[in-house]
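Residue-level structural notes
The primary structure of each chain is shown beneath.
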Amino acid sequence: MHILYVEDEVKIASFVCAGLKEQGFLVEYCDNGDDGYSRAMDNIYDVVILDIMVPRKDGLAILKGLRRAGRNVPVILLTARNELDDRLEGLNLGADDYLAKPFFVEELIARIHAVVRRVSGERQNILSVGAIKLDRITHKVTCHQQTVELTSREFNLLEYLMRSPGRVFTRTQILEHIWGYDFNPNTNLVDVCIKRIRKKLEAVDGVNCIESVRGVGYRFGNTDSSWKV
Amino acid sequence: MEGLKLRSFRLRIALMSTTLAGVAIAGFSIASWFMLYQAKQKDFDAEINSQLLEQFNKLRPETLAKFNIKSLVPEFQHVSPSDIAVLVVDGNRDPIYQSDNWSGELNGEILWKKSDPQKNPDPVDFTLGNLPPDRPPIGPPPKVELDQITTKHTNTGDWRLGVGSAPMMGIAIAINLRAINPEMNKISSVFLFSVPGAMILVAIGAWVVSASALSPIEHLTTTIRRVTAQELDQRISVNNLDIEFQEMIQVFNQMMERLERSFKQASRFSADAAHELKTPLAILQGELERSLNQAPLGSELQQNLSNLLDEVRRLSVIVRKLLLLSLADAGKMRIHQAKVNLSEILIDSVEDIGILAPELHLEVNVAPNLCCAADSDLLLQVLRNLIDNAIKYNLPQGWIKIHAWLKKNAVAISISNSSQDIPPEHRKQIFNRFHRGDSARTRKIEGVGIGLSLSKEIARAHGGDLILDNTPSGYTSFTLTLPVGAQGLAPLQN
């Protein structure tokens, strides 16, 4: 996947780029609005990620220019500024999603997937890791061709973990992605939900596919390479 | 009365004007009464003098004995015979005739002039032409001296006494002043009716006038009321105002300007601070997230990084809330409205409560498909906050009740829970920023105390409200109301 990332804060850019590259994305990075705009106009990207506060041409102006030129490339806005106003304006200008700083790179990746999926239609509906298959459209999960009934929260959690097998997610990260940012990080929501998913999957597979990482959180699968996609 | 007087400026103005007008009218009435009394007295005096002269004209020393008061009475109109007293004396100043009502006390007051034609400074000249035709004088007309008419006090009342002296005779006519009374009484009664009448008119007038005088103040009040925190830029126009109010408004406007400036500075400070905090937080969070995944699985380093990440996250949430609050303060909390199905959100939340606090008894009564136009992210935050509190401040083995219903054009959601009673002094401050209940201050319960304040601001930004219900002891209840189609915002889509 080819991504354009416009961001002036070098330190943020470095870990975001690294995170995206780890996902196998091809990232093009530039640190000012003019560059970003001309690149977005000249090349074809799968997703454009715009920081709103970039020098010369700000993110909203780039978005406006793109949409006026008839470019429908999916755009995700990032901002540290007045969140609500930016979000409102960004969505009005035709942004596909919006992420407030500070954010988790994993969350950005999840949003990128969601946006691309929305645009490209059904191509990437099926996520399959090992014996588990997950259909994002029908919200159906199968394990060894047997259907596993999950609630919407359980489904979202499993999907989030499955997208990056082997990657460790902290409870806070999971909580924020599934329940939103406003929950008390000390709640046991995540643990209870994981326990339920495990129970349902184990009933079919007999294998615990979600590994606890002590004192940190959870990750999908284990170090066994057979779990990799 | 005193309190009432002090409270209503209008009433005070009306009372003061009425009192002033009353004093003025009363003073005027008394003065005019006295002037009328004096005028009446002068009328009598003139009458007495002319009668004295006429009697001297008619009478001659020889006919003195024939004098009868009856010839005199008809000359005084409006005076009853009993109020007229006459004394006639001869040349030796011995009484010849004395009317029945003549008071002896009056005698002592009379100083008859000695007859001395040469010394008479102003003898009245009786020419033939002046004589009444019916009774021609018998002798030559006498030289008459008239005394100044004076008031004499006797035990039969006050008398107006006129004395005329001639060489061979003297006549004194006295009129009792009570003769004026009937007429003066008439005048008094006119005053007695007209003065209160006038006072009532003045009072009504003053009440009406004070209302119109106070109408600019009412106008000011409505204008000033509009000037809320959201509209600190409001100024009152001085153009259409009376000069008296212009200065006050100018001062008010200047005050508003100072207030707006400091308010803007304060809210810009918190917005700037929040923004400035976000970039380093983003870097911290991103680097921690990355390091966490690079650390050896399950290592102590990874656990430490995880803890750090949680703290950074907590910091971010606080910064985000502060920014939202400063936006709300500046009236800039704009909301992205879409149709939100509150019933679904609540049912989801109920599922969460079941996980978060399985020991609590849960009672849910949510009408199906309650929808409103709202910003779902913000609304979710409000509901989270309320549910979170309901769990945090609950009693062991307690309960939570969630009710949602449609009332008029609003959706009402009440979330109540068994709890210790909130002390009255905390009830008042519960929506204040950084206020936390005593039990929460011990840090056993998470939070910084801006949740409820922010929730209320969010509810208000939607045109609704969040209130702490008055409940009997043993439980706490918050009710959130949201207009179905929030006012002043884009109409419901979808």
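That block above? That's the structure.
Below is a short write-up of the structure. (Residues numbered from 1 in each chain as written. Chains lettered and ligands numbered in written order. Predicted model: local features only at pLDDT ≥ 70, side-chain atom pairs only at ≥ 80, totals over all residues. Heavy atoms only, no water.)

Description of the interface of chain B and chain A
Frequently, the measure chosen for interface size is the accessible area that the parts lose on association. Facing 46 residues of chain B, the contacting portion of chain A comprises 50 residues. The junction of chain B with chain A conceals about 4700 Å² of combined surface from both sides, 55% of it contributed by carbon and sulfur atoms. The interface formed by chain B and chain A contains 3 salt bridges. In this structure, arginine 290 of chain B and glutamate 22 of chain A form a salt bridge, with 2.7 Å as the shortest nitrogen-oxygen distance. Between the two partners, chain B and chain A, sit 13 residue pairs in polar contact (both at pLDDT 80 or more). For the side of chain B that touches chain A, the element with the highest residue contribution is helix 5 (residues 243-294) of chain B, accounting for 14 residues. (Contact = heavy atoms within 4.5 Å. Buried area = accessible area lost by both parts, 1.4 Å probe. Salt bridge = Lys/Arg side-chain N within 4 Å of Asp/Glu carboxyl O. Polar contact = N/O pair within 3.5 Å; in protein donor to acceptor, adjacent residues only side chain to side chain. Helix = DSSP H or I, 4+ residues; strand = E, 2+ residues; numbered from the N terminus.)

With respect to the side chain of arginine 219 of chain A
Residues and elements named next belong to chain A. Here arginine 219 is to be found in strand 12 (residues 217-220). Its relative accessible area of 6% is what places arginine 219 among the buried residues. In this structure the side chain of arginine 219 is engaged in a polar contact, spanning 3.0 Å, whose partner is the backbone oxygen of glycine 166. (Buried < 20%, exposed > 50% of the residue type's maximum accessible area, 1.4 Å probe, protein only.)

Observations regarding the pairing of strand 7 (residues 132-135) of chain A
Residue and element names in this part refer to chain A. Relative to strand 7, strand 6 (residues 126-129) is paired through 4 bridges, and the arrangement is antiparallel. In the strand pairing of strand 7, valine 129 is matched with isoleucine 132. A loop of 2 residues connects strand 6 with strand 7, the two strands running antiparallel in sequence, and glycine 130 in this loop sits at a positive phi of about 60 degrees. Where strand 7 lies against strand 8 (residues 140-143), 4 bridges are found, and the strand directions are antiparallel. In the sheet register, lysine 133 faces strand 8, and the bridge partner there is threonine 142. Once strand 7 ends, the chain turns through 4 residues before running back antiparallel as strand 8, passing histidine 139 with a positive phi of about 60 degrees. (Pairing = 2+ DSSP bridges.)

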